[in-house]
Amino acid sequence: MIHFVVTDKGSWSIRAYLADDGDGSALADRMRVVLYRSVAHMQRLPLGTWVFTELDQLDAPRRELATLVAERLEAQGSRVRILNDPRQVLLRADLLRTAHEAGVNEHRVFPATETPSEVRYPVFVRFANQHIGNLTPLLDSPKSLADGLGALVADGLSQRELLVVEFADTRDEYGIYRKYSAYNVGGSIIPKALEQSRDWMVKWEHRVFDRQRADEELAYCETNPHEEWIREMFRLARIDYGRIDYGVLRGKPQLWEINTNPTIGRGPNPNKVRKPEVVEYKRMIAAARAGFYEQFRDAWAAIDTPSDGAIDAKTPTALIRTIDRTEKRRKRTERVESLLNVVARQSWLRPMTRAVKNALAPILGGRERALR
């Protein structure tokens, strides 16, 4: 049995995958979705394969819980297999810093609170532990960086949540940026996508969809050209399950990030109306997608460990109570943030967004203090 440990908020992808008749349903009888808050209340820990995800999203009590559970399970030897050991995984800032020091990355990252004077411009700002891309455009001077950080702080963000990242210009002679993505499932390296865009932050909505891009993506998925480098990056990160995103600069791969709870499904809502060129592109790469999901299923089946019993959890009562309290605060915070997102989506209310955030700040009670 495979125990896939995830947060409430982050569980939608694995649940959707396991419910999909065309993809993950074949694994539904051997993979169990386990929420961190549920782990806290387990009296017994079943043996088998345990996969800890979203370690970058955990507050201190849940990180402590994950560590305690991993320690208890590890003592069972070959009866348990642990992926993404919470005692070892490097989070984004530490991983990218290590990658630069190891000579992998040419670009550096810095905490927004400690940006040195010798930083190489341009830079951009992003969250240290969220997966939503850039928060600023490219900033080409100390003044523009200070202004960008000031605007983010004025919008209610804490500098402690932010990273300053040196820009690595990976565009080719035609102005095309490429983002490569591959998954690691317990040592199986499976290419998933090669996205190409004229925008430096490569996202689906800005991609170039044509025959040439499709052929490149098919070739990438079929040949897995960077397999050994990818394997080394996962070793560097001490991550056994996740998706790596990277680029290539002057022939040398550059690590962007590794997400331990990546989206698994086949992409946007199938009922969504798409542009004709997108529909045609998806048809052209259909063989690569089908191959990915077949390999993905096989990789999970290969790491399944027989569940032949359980051990006492022995979770301290004080830790359980702390997790329960922080969970209640988190739910209140998420409700307020949902309200703010509704406000932000209404164009006629956007001028009021900052005022609304400031007014609701006392209700949030200091998001960082409550959740960390």
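Residues numbered from 1 in each chain as written. Predicted model: local features only at pLDDT ≥ 70, side-chain atom pairs only at ≥ 80, totals over all residues. Heavy atoms only, no water.

A. Summary view of the packing of aromatic side chains. Throughout the structure, instances matching the rule amount to 17 aromatic pairs. For the pair F167 and W200, a centre-to-centre distance of 5.7 Å together with 80° between the ring planes defines the contact as edge-to-face. Placement of F167 in the loop between β8 (162–166) and β9 (177–185) and of W200 in the loop between β10 (188–197) and α6 (211–223) is noted, with a sequence separation of 33 residues between them. Between the aromatic rings of F292 and Y293, the centroid separation amounts to 5.0 Å while the plane-to-plane angle is 80°, which identifies the pairing as edge-to-face. Taken together, the aromatic side chains of F4, Y17, Y183, Y241, F292, Y293, F296 and W300 make up a single cluster linked through ring pairs. The ring of F292 carries the charged tip of K192 above its face, separated from the ring centre by 4.8 Å. (Phe/Tyr/Trp six-rings, centres within 6.5 Å; stacked < 30°, edge-to-face > 60°. Helix = DSSP H or I, 4+ residues; strand = E, 2+ residues; numbered from the N terminus. Lys NZ or Arg CZ within 6 Å of the ring centre and 35° of its normal.)

B. View of the sheet that holds strand β2 (residues 31–35). On the basis of which strands lie adjacent, the open sheet formed by four strands has the order β2-β1-β4-β5 and parallel pairing. Sheet topology places β2 and β5 (80–83) at the edges, where each strand pairs with a single neighbour. Geometrically, the sheet is characterised by an average inter-axis angle of 20° between neighbouring strands, direction not taken into account. Both strand β4 (residues 48–52) and β5 contribute to a ladder of four bridges, which runs parallel. By the bridge assignment, G48 is partnered in β5 with V80. In the packing of helix α1 (residues 12–19) onto the sheet, the strands contacted are β1 (2–6) and β2, and the crossing angle to β2 comes to about 155°. (Pairing = 2+ DSSP bridges. Axes fitted to C-alpha atoms, helices over the stretch in contact; angles between N-to-C directions. Contact = heavy atoms within 4.5 Å.)

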